[in-house]
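Summary of structural features
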Amino acid sequence: MAKPFKKQPTKFALWVPNVSGGLVVSKVPQRTDWGLDYNTKLVRIAEDGGFEYALTQIRFSGNYGAEYQHDSLILSAALLANTSRINIISAIIPGIFHPVVVAKHGATADQIFNGRWAIHVATGWFRREFDALGVEWLEHDERYVRSREFVEIMRGVWSEDNFDYDGKYWKISDYSLKPMPLTIPDRQMPEIFQGGNSIAAQKMAADVSDWYFMNGNTLDEHEGQIDFVSKRAAAIGRRVRFGVNAFVIARETEAEANAELERIIAGADIAAVDKFRDAVREAGQATKEKIGMWVDSTDRDLVQYNDGFRTNLIGTPEQIAERIVNLRKIGVDLVLCCFLHCHEEARFFGERVIPLVREMEQADPMCRFTVI
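Because the structure is predicted, anything quoted here is derived from the model rather than measured.

1. Remarks on unusual backbone geometry
Following Lys178, the chain continues to Pro179 via a peptide bond in cis, the omega torsion being -5 degrees. Assignment of secondary structure puts Pro179 in the loop between β6 (171–175) and β7 (192–194). Here the phi dihedral of Asp186 falls at roughly 65 degrees; this positive angle occurs in a residue that is not glycine. Here Asp186 is to be found in the loop between β6 and β7.

Right, dumping it as structure tokens:
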């Protein structure tokens, strides 16, 4: 049987804008920058404001306005070196990355930075990157076979000496990784995050991942995925935690928040949104079930490239906190936040929203937890 999780408060993560163009496909002015200095300050603000995680993005080719990109692994190390408590999640793409090379990078980061490194396995939907690099492009579900192998190999070399693996995409022979990652309380090895939202993605999360990220959506849609993944994981003695993407617009009044949303959408970069729509047809729409990321996304949704508007964390601090608590009640463990003006809005979220969430969680018997 899976060991039950300790009942804990909602965790918060921050998207790191390490690619140009910010976190919306819009020409609206943004006080957000993709450089190291800006992101170092941002992650420190998040750390001081109660965020537990920050996620660095992986891009190899410009698309939908993201023409410049800092590497996720290198930038993650820089951010870890400039913080003391927050966990940094590095996104990678199987096929472009080799699992043992990433396992080696991760073990080193984990040792140096006291267990604060984690990984997000982004299976990959942007075919142009694969084609440009001469990496074989696989059909949708087969990409999850490759990603599953990637995770199994990392777990293997992080836990076994003389590790062997005979897979479809990788073969590892008598390999020992020294040093391995740290073993710390409640965590045997670095946490593995994964998204996807398709049936293949949900099965992979249930079988091998620690965390499953969901694109923005309704409570009912989130609950359906949580139920499917949780039941499949339980059947093999596993537990999975769940995160949801959300573009947060917190303002003093609901009218101000909604006006900001409409301003962002009115400024949408139509050409970039069109390119993005074409690229993401390789995701959920390519599955036989027609289930997955961006399957039913409208042009309005695609202005935030992980459907972040649909989570509806748009309004006053009180409204947003209440909606976060409702997410917690259906099993969401973490909210992955992105903002328009990252410094100012991450600080406001930490000062005004997170304390309200904590108060509401403690007051609600369905969410009450013991501070650990």
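Following the structure, the description resumes.
2. Focus on the environment of Pro355
With respect to the secondary-structure elements, Pro355 resides in helix α12 (residues 342–363). Along the chain, Pro355 and Phe242 lie 113 residues apart, while their C-alpha atoms are 21 Å from each other.

3. Here we look at the sheet that holds strand β1 (residues 11–16)
Strand pairing in a sheet is mediated by backbone hydrogen bonds. Such pairs are either parallel or antiparallel. Here 8 strands make up a closed barrel; going around it, the order is β1-β2-β3-β4-β7-β8-β9-β12 and the pairing parallel. Strand-to-strand, the axes of this sheet are offset by a mean angle of 25 degrees, without reference to chain direction. As judged from the 3 bridges shared by strand β4 (residues 117–121) and β7, these two strands associate in the parallel manner. Across the sheet, Val121 pairs through a bridge with Gln194, a residue of β7. Strands in contact with helix α3 (residues 99–112) are β3 (87–92) and β4; relative to β4, the strand with the most contacts, it is inclined by about 150 degrees.

4. Some thoughts on the state of the cysteines
Considering all chains together, one arrives at 0 disulfides under this definition. With no disulfide of its own, Cys337 lies closest to Cys338 among cysteine sulfurs, the gap being 7.6 Å. Look at Cys338 and you get buried, because its relative accessible area is 1%.

5. Describing the pattern of salt bridges
Between side chains of opposite charge, a pair can form when the charged atoms approach closely. Under the defined criterion, the tally for this structure stands at 21 salt bridges. Here Arg187 ties to Asp110 by a salt bridge, and the two come within 2.7 Å at their closest N and O atoms. Remark: Asp110 occurs in helix α3 and Arg187 occurs in the loop between β6 and β7; sequence separation between them is 77 residues. Asp110 carries the same exposure label as Arg187, and that label is buried. We note a salt bridge from Asp207 to Arg148, for which the minimum N-O separation is 2.8 Å. Placement of the pair is Asp207 in helix α6 (residues 199–208) and Arg148 in helix α5 (residues 140–159), with a sequence separation of 59 residues. Judged by its relative accessible area of 17%, Asp207 falls in the buried class.

6. What about the pairing of strand β12 (residues 334–338)?
A large share of β12 lies buried, amounting to 5 of its 5 residues. Neither face of β12 is left uncovered, since the one carrying Leu334, Leu336 and Cys338 and the one carrying Val335 and Cys337 both have all their residues buried. Pairing of β1 with β12, which is carried by 4 bridges, proceeds in the parallel orientation. Within β12, the residue paired with Phe12 across the bridge is Val335. Both strand β9 (residues 241–247) and β12 contribute to a ladder of 5 bridges, which runs parallel. In the strand pairing of β12, Gly243 is matched with Leu334.

7. Focus: the packing of aromatic side chains
Throughout the structure, instances matching the rule amount to 16 aromatic pairs. When the centroid spacing of 5.6 Å and the interplanar angle of 40 degrees are considered together, the rings of Phe51 and Phe349 count as tilted. Separated by 298 residues along the polypeptide, Phe51 in the loop between α1 (36–49) and β2 (53–56) and Phe349 in helix α12 bring together distant segments of the chain. We note that Phe51, like Phe349, is buried.

8. With respect to α1
End to end, α1 covers 20 Å across 14 residues, agreeing with the expected 20 Å (1.5 Å per residue, within 8%). Of the residues making up α1, those classed as buried are Tyr38, Asn39, Thr40, Leu42, Val43, Ile45, Ala46, Glu47 and Gly49. Those residues of α1 that are buried are in contact with β1, β2, α2 (72–81), β3 and α12. Immediately downstream of α1, the backbone of Gly50 shows phi near 105 degrees, a positive value.

About the thresholds
- Residues numbered from 1 in each chain as written.
- Predicted model: local features only at pLDDT ≥ 70, side-chain atom pairs only at ≥ 80, totals over all residues.
- Heavy atoms only, no water.
- Helix = DSSP H or I, 4+ residues; strand = E, 2+ residues; numbered from the N terminus.
- Pairing = 2+ DSSP bridges.
- Axes fitted to C-alpha atoms, helices over the stretch in contact; angles between N-to-C directions.
- Contact = heavy atoms within 4.5 Å.
- Disulfide = S-S within 2.5 Å.
- Buried < 20%, exposed > 50% of the residue type's maximum accessible area, 1.4 Å probe, protein only.
- Salt bridge = Lys/Arg side-chain N within 4 Å of Asp/Glu carboxyl O.
- Phe/Tyr/Trp six-rings, centres within 6.5 Å; stacked < 30°, edge-to-face > 60°.
- Expected span 1.5 Å × (residues − 1).

Keep in mind that these numbers describe shape and distance, not what the molecule does.
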